[in-house]
Amino acid sequence: MSEGEHPGGVLVVDDDAAIRRSLERGLRLSGFAVRVADSGAAALALIRDTPPDVLVLDVSMPGMSGIEVCTRLRDDGLDLPVLMLSALDETADRIAGLQAGGDDYLVKPFALQELVLRLRALLRRRPPTGREVLRVAGLVIDPAARTAERDGRPLDLTRREFELLAVLARNTGIVLTRDQLLDRVWGYDFDVRSDAVDTFVSYLRRKLEADGRSRLVHTVRGVGFVLRDSSS
């Protein structure tokens, strides 16, 4: 984080009181303005009142789950960054959370330092400069409007899927490693698991290749991923 940059406001949502207290204290000591909520319904009420800069959201909560909260936020057009928390045995829920529009996830237990670094990465929002429109391989991507289409058909992408596609399109024909994609899309400059890249490439491919359309995002074994039009 650069000098003078304020870390931002965080809303922590977890039904476990011990986790709420621990995260509230740790994040405050790291310079964040922190609010907490013990349920999905309480979180939505707080967000409607004063949206935070970033949301830390437990996947598995009684009543309204974190997945339902995230889905409602995205359905309402709220684009705030969401980091999902999950237990080791909640892989299916974690995937569902990402598909619902979550931007990142951490598996409990985790180190506070990693949470802080990931939140700062989520808060580094680089607004697009000018009215750049990317056109490649039948794709039209407008970073300012955050819209994308393939062969004239709109693509319904989450924010992370959109950012991943935009980075790949800006580097058409260039193989990007998982570490490069983590840095450019997620903003990580520390050692994290790179399987998040593979997960989101899989989501992106499903949408790009709907209705039998050709593959655009290719895997280069042992290296990374590249966007190129295999039909040309």
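Residues numbered from 1 in each chain as written. Predicted model: local features only at pLDDT ≥ 70, side-chain atom pairs only at ≥ 80, totals over all residues. Heavy atoms only, no water.

Asker: Just to check I follow, could you spell out the overall build of the chain for this structure?
Answerer: A tally of helices and strands in the chain yields 8 helices and 12 strands. Burial analysis of the chain (232 residues in total) assigns 47% to the buried set. Long-range contacts, defined as pairs at least 24 residues apart, comprise 57% of the intrachain contacts of the chain with a sequence gap of at least 6. Carbon together with sulfur atoms contributes 48% to the accessible area of the chain, which is approximately 11,200 Å² in total. (Helix = DSSP H or I, 4+ residues; strand = E, 2+ residues; numbered from the N terminus. Buried < 20%, exposed > 50% of the residue type's maximum accessible area, 1.4 Å probe, protein only. Contact = heavy atoms within 4.5 Å. Areas by Shrake-Rupley, 256 points an atom, 1.4 Å probe, with all protein chains shown as cover.)

Asker: Could you clarify how one ought to interpret the environment of Arg-178 in this entry?
Answerer: On the secondary structure map, Arg-178 appears in helix H7 (residues 178–186). Given a relative accessible area of 23%, Arg-178 falls into the partly exposed group. Put simply, Arg-178 and Val-223 are 45 residues apart on the chain and 7.7 Å apart in space, counted from C-alpha to C-alpha. Among the polar contacts listed, one links the side chain of Arg-178 to the side chain of Asp-198, at a separation of 2.9 Å. (Polar contact = N/O pair within 3.5 Å; in protein donor to acceptor, adjacent residues only side chain to side chain.)

Asker: Honestly, the environment of Arg-215 in this entry has me stumped. Any pointers?
Answerer: With respect to the helices and strands, the residue Arg-215 is situated in the loop between helix H8 (195–208) and strand E11 (217–220). Distance from Arg-215 to Leu-227, taken between C-alpha atoms, is 8.9 Å for residues 12 residues apart in sequence. Side-chain polar atoms of Arg-215 contact the side chain of Glu-209, separated by 2.7 Å.

Asker: Help me out: how do you make sense of the sheet that holds E11 in this one?
Answerer: Strands belonging to one sheet form pairs held by backbone hydrogen bonds; the direction of such a pair is parallel or antiparallel. Read across the sheet, 3 strands follow the order E10-E12-E11 without closing on themselves; strand pairing throughout is antiparallel. Looking at which strands have only one partner, the edges of the open sheet turn out to be strand E10 (176–177) and E11. As paired elements, E11 and strand E12 (residues 224–227) share 4 bridges and run antiparallel to each other. Paired with His-218 across the two strands is Val-226, which belongs to E12. Relative to E12, helix H6 (residues 159–170) is tilted by about 75 degrees, and along the sheet it contacts E10, E11 and E12. (Pairing = 2+ DSSP bridges. Axes fitted to C-alpha atoms, helices over the stretch in contact; angles between N-to-C directions.)

Asker: Help me understand the nonpolar core, please; the structure alone is not making it clear to me.
Answerer: When a protein is soluble and globular, its nonpolar side chains tend to lie buried together. Grouped together as the largest cluster of nonpolar side chains are 52 residues, with contacts concentrated most on Leu-55, Leu-57, Leu-139, Ile-141, Leu-165 and Leu-181. In contact with Leu-165, not counting residues within four places along its chain, are Leu-139, Ile-141, Ala-148, Leu-155, Leu-157, Leu-204, Leu-208 and Leu-227. Counting residues in each nonpolar core, the second largest holds 16 residues, with Val-34, Leu-83, Leu-119 and Leu-122 among its members. (Core = buried A, V, L, I, M, F, W, Y, C linked by side-chain atoms within 4.5 Å.)

Asker: Before we go on, may I ask you to explain the packing of aromatic side chains in this structure?
Answerer: We describe a pair of aromatic rings using the distance from one ring centre to the other and the angle between the two ring planes. Inspection of every chain in the model, using the stated rule, returns 2 aromatic pairs. Between Trp-186 and Phe-200, the ring centres sit 5.6 Å apart and the planes meet at 70 degrees, which makes this aromatic pair edge-to-face. Separated by 14 residues along the polypeptide, Trp-186 in helix H7 and Phe-200 in helix H8 bring together distant segments of the chain. Given the relative accessible area of 2%, Trp-186 is considered buried. In this structure Phe-200 comes out as buried when scored by relative accessible area, which is 1%. Here the aromatic rings of Phe-200 and Tyr-203 are separated by 5.4 Å at their centres, their planes lie at 70 degrees, and the arrangement is edge-to-face. In this pair, Phe-200 and Tyr-203 both sit in helix H8, 3 residues apart, roughly one turn of the helix. Among the aromatic residues, ring-to-ring pairing joins Trp-186, Phe-200 and Tyr-203 into one connected group. (Phe/Tyr/Trp six-rings, centres within 6.5 Å; stacked < 30°, edge-to-face > 60°.)

Asker: Please explain the packing of helix H1 (residues 17–29) against helix H5 (residues 112–123) as it appears in this structure.
Answerer: When two helices pack together, their arrangement is captured by the angle between the axes and the distance separating the axes. Where H1 meets H5, the closest approach of the two axes is 11 Å, and the angle between their N-to-C directions is 60 degrees. When the axes of H1 and H5 are compared, the crossing they make is right-handed. Residues Leu-23, Gly-26 and Leu-27 of H1 form the contact with H5, whose own contacting residues are Leu-112, Leu-115, Val-116 and Leu-119. Classifying every residue of the contact of H1 with H5 by side-chain character gives 6 nonpolar, 1 polar and no charged. (Left-handed = near helix turned anticlockwise from the far one by under 90°. Nonpolar A, V, L, I, M, F, W, Y, C, P; charged D, E, K, R; others polar.)

Asker: Any chance you could explain the packing of helix H2 (residues 40–49) against helix H3 (residues 66–75) here in plain terms?
Answerer: Following both chains from N to C, one finds H2 and H3 inclined at 30 degrees, their axes separated by 9 Å at the closest point. One way to sum up the angle between H2 and H3 is to call them roughly parallel. The hand of the H2/H3 crossing is right-handed. Residue-level inspection shows Gly-40, Leu-44 and Ile-47 of H2 in contact with H3, the latter providing Val-69, Arg-72 and Leu-73. (Parallel < 35°, antiparallel > 145°, perpendicular 65-115°, else oblique.)

Asker: Help me out: how do you make sense of unusual backbone geometry in this one?
Answerer: Trans peptide bonds make up the majority, and among non-glycine residues the majority have a negative phi. For the bond running from Lys-108 to Pro-109, omega is -5 degrees, close enough to zero to count as cis. By the element assignment, Pro-109 lies in the loop between strand E5 (104–107) and H5. Not every positive phi belongs to a glycine, and Ala-137 is a case in point at roughly 50 degrees. By the element assignment, Ala-137 lies in the loop between strand E6 (134–136) and strand E7 (139–142). According to the relative accessible area criterion, Ala-137 is partly exposed, its value standing at 21%. Backbone geometry places Asp-151, a non-glycine residue, at a positive phi of 55 degrees. Its location among the elements puts Asp-151 in the loop between strand E8 (147–150) and strand E9 (153–154). On the accessibility criterion, Asp-151 (48% relative accessible area) is partly exposed.

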